[in-house]
Amino acid sequence: MLSRTYRIAKSYFPAVTRGKVVQNDIVRIVIKQDPQLQNPKFAVIVANKIAKKAVTRNLLRRQIYTILEKYCNTAPKAFISVFPRKAEVSFEVLEKSIEEFLWLKK
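Residues numbered from 1 in each chain as written. Predicted model: local features only at pLDDT ≥ 70, side-chain atom pairs only at ≥ 80, totals over all residues. Heavy atoms only, no water.

1. Some points on the pattern of salt bridges
Link 1 in the chain: On inspection of all chains with the given rule, the structure shows two salt bridges.
Link 2 in the chain: Across the salt bridge formed by D25 and K86, the nearest N and O atoms sit 3.7 Å from each other. With a gap of 61 residues between them, D25 in the loop between β1 (20-23) and β2 (27-33) and K86 in the loop between β4 (78-84) and α2 (91-102) connect regions that are remote in the sequence.
Link 3 in the chain: The partner of K70 in a salt bridge is E95, and the shortest N-O contact between them spans 2.4 Å. A residue pair is termed long-range when its members are at least 10 positions apart, and K70 in helix α1 (residues 54-70) and E95 in helix α2 qualify at 25 residues.
Link 4 in the chain: Looking at K70, the relative accessible area reads 47%, which means it is partly exposed. (Salt bridge = Lys/Arg side-chain N within 4 Å of Asp/Glu carboxyl O. Helix = DSSP H or I, 4+ residues; strand = E, 2+ residues; numbered from the N terminus. Buried < 20%, exposed > 50% of the residue type's maximum accessible area, 1.4 Å probe, protein only.)

Structure representation (structure tokens):
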């Protein structure tokens, strides 16, 4: 799981949902630049519309946080909100689409 230093606090969240949007049919990512940040801040939001069961939503959220944890040192210094658009996606496909949008390819 991603440590607290890399997550967006609930109080900041409404302000950071507006920014540059990049998306495809698997994931939508909102990036809001902030020059005062020491490190990138992430949030993962899975809507009830995407997955009805809480177990599925939590699994998807944990998978995305695992992907983001690998790249937290190379990600841009910004508030980054990730909104998955499909629940039935393999981990590899999800990882490729997030890497592609955050320019994190190794």
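2. Brief notes about the nonpolar core
Link 1 in the chain: Formed by 26 residues in total, the largest nonpolar core has its most connected members in I29, L68 and I80.
Link 2 in the chain: Secondary structure elements with two or more residues in this core: β2, β3 (41-44), α1, β4 and α2.
Link 3 in the chain: No other element matches the five residues that α1 contributes to this core.
Link 4 in the chain: With residues near it in sequence (within four places) discarded, L68 still touches L2, F42, V44, V82, I98 and L102.
Link 5 in the chain: In this structure, I8, V16, L37 and F79 belong to the second largest nonpolar core, which totals five residues. (Core = buried A, V, L, I, M, F, W, Y, C linked by side-chain atoms within 4.5 Å. Contact = heavy atoms within 4.5 Å.)

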